[in-house]
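Fold and geometry: a report
Listed below are the residues making up each chain.
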Amino acid sequence: MASKSASGASFGPLFLRLCLGVVFIWAGLGKVLSTSVVSGDDVALLAEMGVAPKAATPTPTSPTTPTSAPTPAAKSGTAGAKPSGGAAAVRPVGLAAGTGQLEVSRAYVLALSIKKNTMPGAVDGKPTARLWPEFLGQGRYPVYAAFACVLTELIGGALVLVGALTRVSAAGLACVMATAMWLTQIGPAVRSGATTLGFLPAHPAFDTAAWQPLMLQFALFCSAVALLMLGCGRLGLDTSLFPRGGGPTRPKAEPAA
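Checked against the element boundaries, Ser 169 lands in helix H6 (residues 166–192). Within the structure, the side chain of Ser 169 is placed 2.9 Å from the backbone oxygen of Leu 165, a separation counted as a polar contact.

Pasting the structure below:
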């Protein structure tokens, strides 16, 4: 029994750490390295947050001299040319020529979502409440919040993976997932009035595809809370760096008769 208990204390938290670390590092990198295209009102909201040009218009080109023939690079477009017009704050920078669209890092798409949730909505012409505090939608606060989420996913995921500052990191990841469930699933359902049990989205009961995002968020939230309670286990850096001392309690030897 003692060996089974020791194995559980060693490998249980290890598998939780492996799951959370891999998923959150992957999710954080995806927000930084991948892009999405936004347009219209979203571009205007990004401009309010100071991360997009004031107008998403094609980058102007230099006038061609009448006496000079166009070069092959001018015909096909210079591959390494940098866009102008104040788009340097957007990563990666890119205006889709002639479309009024803006290509931005997915971290800024997250900032847009935060911004929109600080604004009141409307359902059937009736105003609805904000899902996020209004002051967090002012200025660049949505951008700061989005990158705080990205850093929590990347740094927290890396720390739980190696078992360093495990409880603090797990608490941060749990907060990220609780916020994600509220802003993307539960909050919109409550605001729309179409709910199951008063707070869940009104999906068909066994529609796997519809429930998958919320179920994944819930599973990650519960895993982070479990790791917060358990700590890194015996196979983590916390155990080596912050030993509790004494080891497992041993039964006291009975005095000789």
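Next comes the rest of the account.
Time to look at the packing of aromatic side chains. Here the structure, examined in full by the defined rule, presents two aromatic pairs. With a centroid separation of 5.6 Å and an interplanar angle of 70°, the aromatic rings of Tyr 108 and Phe 147 are classed as edge-to-face. Remark: Phe 147 occurs in helix H5 (residues 141–162) and Tyr 108 occurs in helix H4 (residues 106–117); sequence separation between them is 39 residues.

Helix length check: helix H7 (residues 208–230), at 23 residues, gives a terminal C-alpha distance of 31 Å against a target of 33 Å (1.5 Å per residue), a fit within 8%. Along H7, the sharpest kink reaches roughly 30°, centred on Leu 214. Those residues of H7 that fall on the buried side of the exposure criterion are Trp 211, Leu 214, Gln 217, Leu 220, Ser 223, Ala 224 and Leu 227. Count one or two residues on from H7 and you reach Gly 231, which has phi positive near 80°.

Further remarks concern the pattern of salt bridges. Evaluated as defined, the whole model comprises four salt bridges. Here Lys 116 and Asp 42 are joined by a salt bridge, their closest N and O atoms 2.8 Å apart. Placement of Lys 116 in helix H4 and of Asp 42 in helix H2 (residues 41–48) is noted, with a sequence separation of 74 residues between them. You can call Lys 116 partly exposed: its relative accessible area is 38%. Arg 130 is the salt-bridge partner of Glu 134, the closest N and O atoms lying 3.5 Å from each other. When its relative accessible area of 36% is taken as the criterion, Arg 130 is described as partly exposed.

A word on the nonpolar core. In this structure, Val 38, Leu 46 and Met 49 are the most contacted members of the largest nonpolar core, which totals 14 residues. It is H4 that provides the largest number of residues to this core, a total of four residues. Judged by nonpolar contacts, the second largest core, of 13 residues, contains Cys 149, Ala 174, Val 176 and Leu 220.

Analysis parameters
Residues numbered from 1 in each chain as written. Predicted model: local features only at pLDDT ≥ 70, side-chain atom pairs only at ≥ 80, totals over all residues. Heavy atoms only, no water. Helix = DSSP H or I, 4+ residues; strand = E, 2+ residues; numbered from the N terminus. Polar contact = N/O pair within 3.5 Å; in protein donor to acceptor, adjacent residues only side chain to side chain. Phe/Tyr/Trp six-rings, centres within 6.5 Å; stacked < 30°, edge-to-face > 60°. Expected span 1.5 Å × (residues − 1). Bend = angle between axes of the 7 residues up to and from the residue. Buried < 20%, exposed > 50% of the residue type's maximum accessible area, 1.4 Å probe, protein only. Salt bridge = Lys/Arg side-chain N within 4 Å of Asp/Glu carboxyl O. Core = buried A, V, L, I, M, F, W, Y, C linked by side-chain atoms within 4.5 Å.

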